[in-house]
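Notes for the structure review
In case you want the letters, here they are:
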Amino acid sequence: MVSTLINLVVISVLISIRAFSGGTGEANFQVGTIAGEPAGDRIGTVAQAVPGVRARIVSFPDEAAARAAVADGRVDGALIGDRLIVREVAPASLRQIVQLSFAAERQEEVLDRYGITAGDRAQLGGGSPIVIEALEPGDPNRDQNEAIAFVGMILLYGQLFGYGVWVASGVLEEKSSRVVEILLAAMRARQLMAGKIVGIGLLGLLQLAFLGGFAIALALATGAIDLPGSAASIALLDIGYFVLAFAFYASLFAVAGALVSRMEELQNVLVPVNLVIIVSFFISISALADPNSVLVRVASILPTSSALAMPVRIAVGAAAWWEIALSVVLSIAGTFALIPIAGRAYAGAVLRIGGRVKLREAWRAAA
Amino acid sequence: MLKLIGLTRRFGDVVALDDVTFTVPEGELVGFVGRNGSGKTTTMRIVVGVLEPDAGQVIWRGAPADAVARRRFGYMPEERGLYPRMRVHEQLVYLARLHGIDTTEADRRATELFETLQVEAKPSDRVESLSLGNQQRVQLAAALMHRPELLVLDEPFSGLDPTGVDVLGAVLAREAREHGVPVVFSSHQLELVERVCDRVVLIERGRVLAEGAIDELRAARMRNLLRIEIVGAQERWFDVLPGVRLERSLPDGVVLELTDGADPQRVLDVARSQGEVRHFSRVQPTLSELFREVVQA
């Protein structure tokens, strides 16, 4: 329960940051002016012509009021005469539109001086917008998909890690409390291990679905994203890969839990598994920047890292269908290869109370 | 009836069990005795299926014991273990359900066992808050929840106070006598085993050294011993009797061994001629004595 709440908070923060930093990638400025100054109106017009920037004009009765508004952050800047007042630094795009609005102002004055007609002025305004032809057209929604995939990856990483450790500590708890011996009298070691993995895995899945739904709802509501369709499909993708990856990793976590008898020792035996997951996580972050580097492509196919790397590549449209198919097949095959090995090591280790059991001993004890 | 046939198990180079064979008949209490590390726990773990033997078989009611049969066994391990933070009642119900008992039945059974075993706790108490003796009773309740057809108990009496010993002894006797359940339990308290059990199995270094009804074992090793106390007797007054030798001296008397058909009545006559006979009895070897004798042999 607590972990769910923490997760909700983390997601909310991530999404809010995106929503307040301009959501879908546009810079949105509030610019203060003193009532009656013409430069003010011009800024709004100019901003419309500059892609990705919007400006809203807020009128103040005098300079003092405008300065006060800048100081307490109600507006991003105030234009007074030829002076732009900001609190700390002026963002480049704000400077740009203010500069352009000044230029337009001068232009008007010159045109007035020569008595140019309204029709001619309109022609001067720039004609029809330019047509852009891309040689390799990118996905216009890529930025948003990337953001969704990133949040999804962080969630997936958290779930994999959190619920994996839960499996390990659950196994350890049964071992250290010795309750495992009466459980083993009622069922076989492999059944016990499988039951633990499936039970905890289902909880993890449920929580992931819940967190995913919450994240999407919040992101749409705050305007951090506006693509409900791709958000939903990336969420489903993440859920699918969570099932694959959890099945793959959980038996390793179970064996790690069976090797030790005390909580303090658990961290040590978990190091190798954790390391693999953390490395996969960082490779997947790099996938956002370059989804087709050799490292990322390999990582997105191997069962150890595919769950983190592949959804990102799919989301940005970089994965070939055969790569996706291969990653799924390898993940399932890896899981099935691992289960009997892990099951045997688990069975051999779980009754050996005392110090840390070596993997080889565990393997032999279950013979 | 439970039959163990030729159970053998190695741990690395250590032979834990070497051809262990014995029987636990229906309705009988069998004491499983032996020193620490003699193989008792390993044997019991193999019976309940927690360990696999390298060789040999566990035969239950004429067929090798499989997972289905074993779900009807009740087991209390030497390493006591329950979920420490789970509530007692909830825990018993959960464990019974693992053995295929439905929740309603398990509920009823848990309440009933709480009373029978005189567990001093509320059903809603967490296991870790219970005293060791009460935890032990709960552990035993866990073994009895599903009305097992066979009981395998590893050191069930250790850690119990005298009342607890009596309660447990009575419960085991009832399981055996009234429900015909074969019960096998290990113990170091030999006088208790002697009091409670019909049969014993004596194991040492992974081998069964003796098996059978306690009376039979005694008879087989029965020596003709007499304990005699006489007021004012001479030193070695019994030397005049043929076939009689001193087994050991006691503070107030002697224990004599009669061999070659020496007649106890004749010994009594000589004793009376020595003075006032305060005590004259046959000495039954205790299980501890049998145990020492067998182990040392």
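Scroll up to find the structure.
Okay, so let's go over this structure.

Rules and cut-offs
Residues numbered from 1 in each chain as written. Chains lettered and ligands numbered in written order. Predicted model: local features only at pLDDT ≥ 70, side-chain atom pairs only at ≥ 80, totals over all residues. Heavy atoms only, no water. Pairing = 2+ DSSP bridges. Helix = DSSP H or I, 4+ residues; strand = E, 2+ residues; numbered from the N terminus. Contact = heavy atoms within 4.5 Å. Axes fitted to C-alpha atoms, helices over the stretch in contact; angles between N-to-C directions. Expected span 1.5 Å × (residues − 1). Bend = angle between axes of the 7 residues up to and from the residue. Buried < 20%, exposed > 50% of the residue type's maximum accessible area, 1.4 Å probe, protein only. 1 Å grid on protein atoms, 1.4 Å probe; cavity = no way out; pocket = protein on both sides within 12 Å on 5 of 7 lines; lining within 4 Å. Points joined across faces, edges and corners; volume = space filled by probe spheres on them. Core = buried A, V, L, I, M, F, W, Y, C linked by side-chain atoms within 4.5 Å. Salt bridge = Lys/Arg side-chain N within 4 Å of Asp/Glu carboxyl O. Polar contact = N/O pair within 3.5 Å; in protein donor to acceptor, adjacent residues only side chain to side chain. Nonpolar A, V, L, I, M, F, W, Y, C, P; charged D, E, K, R; others polar. Phe/Tyr/Trp six-rings, centres within 6.5 Å; stacked < 30°, edge-to-face > 60°.

Let us now look at the sheet that holds strand 4 (residues 55-60) of chain B. Residues and elements named next belong to chain B. Taking strand neighbours across the sheet as the criterion, the four strands line up as 2-1-4-5 in an open arrangement whose pairing is antiparallel. The sheet terminates laterally at strand 2 (14-24) and strand 5 (63-64), the two strands that pair on one side only. Packed on one face of the sheet, helix 1 (residues 40-48) meets strand 1 (2-11), strand 2 and strand 4 and runs near 120 degrees to strand 1.

Next up on the list: helix 13 (residues 321-349) of chain A. All names here are of chain A. The first and last C-alpha atoms of helix 13 sit 41 Å apart over 29 residues, in line with the 42 Å expected at 1.5 Å per residue. If you look at helix 13, its biggest bend is around 30 degrees, right at I339, and the proline P340 turns up within four residues after that. When helix 13 is considered as a whole, its buried residues turn out to be E323, S327, S331, G334, T335, L338, A342, G343, A345, Y346, G348 and A349. Turning to helix 13, the residues buried within the fold contact helix 6 (142-176), helix 8 (189-222), helix 9 (228-259), helix 11 (294-299), helix 12 (306-315) and helix 14 (359-365).

For the rest of this paragraph, the subject is empty space enclosed by the protein. Applying the stated rule across the entire model yields six cavities of 30 Å³ or more. Counted as a void, the largest cavity has a volume near 90 Å³. Forming the boundary of the largest cavity are I182(A), L183(A), A185(A), A186(A), G74(B), Y75(B), L95(B), L98(B), H99(B), A142(B), A143(B) and H146(B). Looking at the lining of the largest cavity, the elements that each hand over two or more residues are helix 7 (179-186) of chain A together with strand 6 (73-76), helix 3 (88-98) and helix 5 (132-144) of chain B. Considering each element in turn, the lining of the largest cavity owes the most residues, four residues, to helix 7 of chain A. The space that makes up the second largest cavity amounts to roughly 70 Å³. Around the second largest cavity, the lining residues are M76(B), L117(B), Q136(B), R137(B), L140(B), P156(B), L160(B), G164(B), V167(B) and L168(B).

So, about the pairing of strand 3 (residues 29-33) of chain B. Residue and element names in this part refer to chain B. Buried residues dominate strand 3, accounting for five of its five residues. On strand 3, burial covers both faces: L29, G31 and V33 on one face and V30 and F32 on the other are all buried. The pairing of strand 3 with strand 9 (residues 199-204) spans four bridges and is classified as parallel. Bridge pairing in strand 9 links V30 to R199.

Judged by nonpolar contacts, the single largest core of 165 residues is most densely connected at F246(A), Y346(A), L92(B), L153(B), L172(B), V183(B) and F185(B). Ranked by the residues each element gives to this core, the list is headed by helix 9 of chain A, at 17 residues. Beyond its immediate chain neighbours, meaning those up to four positions away, Y346(A) contacts V171(A), A189(A), L192(A), M193(A), A254(A), V255(A) and A258(A). I230(B), V244(B), V267(B) and A271(B) belong to the second largest nonpolar core, which has 14 residues in total.

This paragraph deals with the interface of chain A and chain B. Contacts between chain A and chain B engage 15 residues on the former and 21 residues on the latter. Linking chain A with chain B are four salt bridges, by the criterion used here. Salt-bridge contacts for E52(B) lead to R188(A); the nearest nitrogen and oxygen are separated by 3.3 Å. Between chain A and chain B we count six residue pairs in polar contact (both at pLDDT 80 or more) in total. In terms of residue count, helix 7 of chain A provides more of the side of chain A that touches chain B than any other element does, seven residues in total. Its residues assigned to classes, the side of chain A that touches chain B shows nine nonpolar, one polar and five charged.

Residues lying three or four places apart along an α-helix face the same way, a consequence of the helix completing one turn every 3.6 residues. The buried count for helix 3 of chain B comes to eight of 11 residues, which makes it a mostly enclosed element. Along helix 3 of chain B, the residues that are buried comprise V88(B), H89(B), Q91(B), L92(B), V93(B), L95(B), A96(B) and L98(B). Against helix 7 of chain A together with helix 4 (103-116) and helix 5 of chain B lie the buried residues of helix 3 of chain B. G100(B), located one to two residues past helix 3 of chain B, shows a positive phi value of around 90 degrees.

All right, on to the packing of aromatic side chains then. Within this structure, the stated rule accounts for 11 aromatic pairs over all chains. Between W237(B) and F238(B), the aromatic rings sit 5.4 Å apart at their centres with planes inclined by 80 degrees, giving edge-to-face as the arrangement. What makes W237(B) buried here is its relative accessible area of 8%. A relative accessible area of 3% places F238(B) in the buried class. Linked through ring pairs, Y157(A), F161(A), F281(A) and F282(A) together constitute an aromatic cluster.

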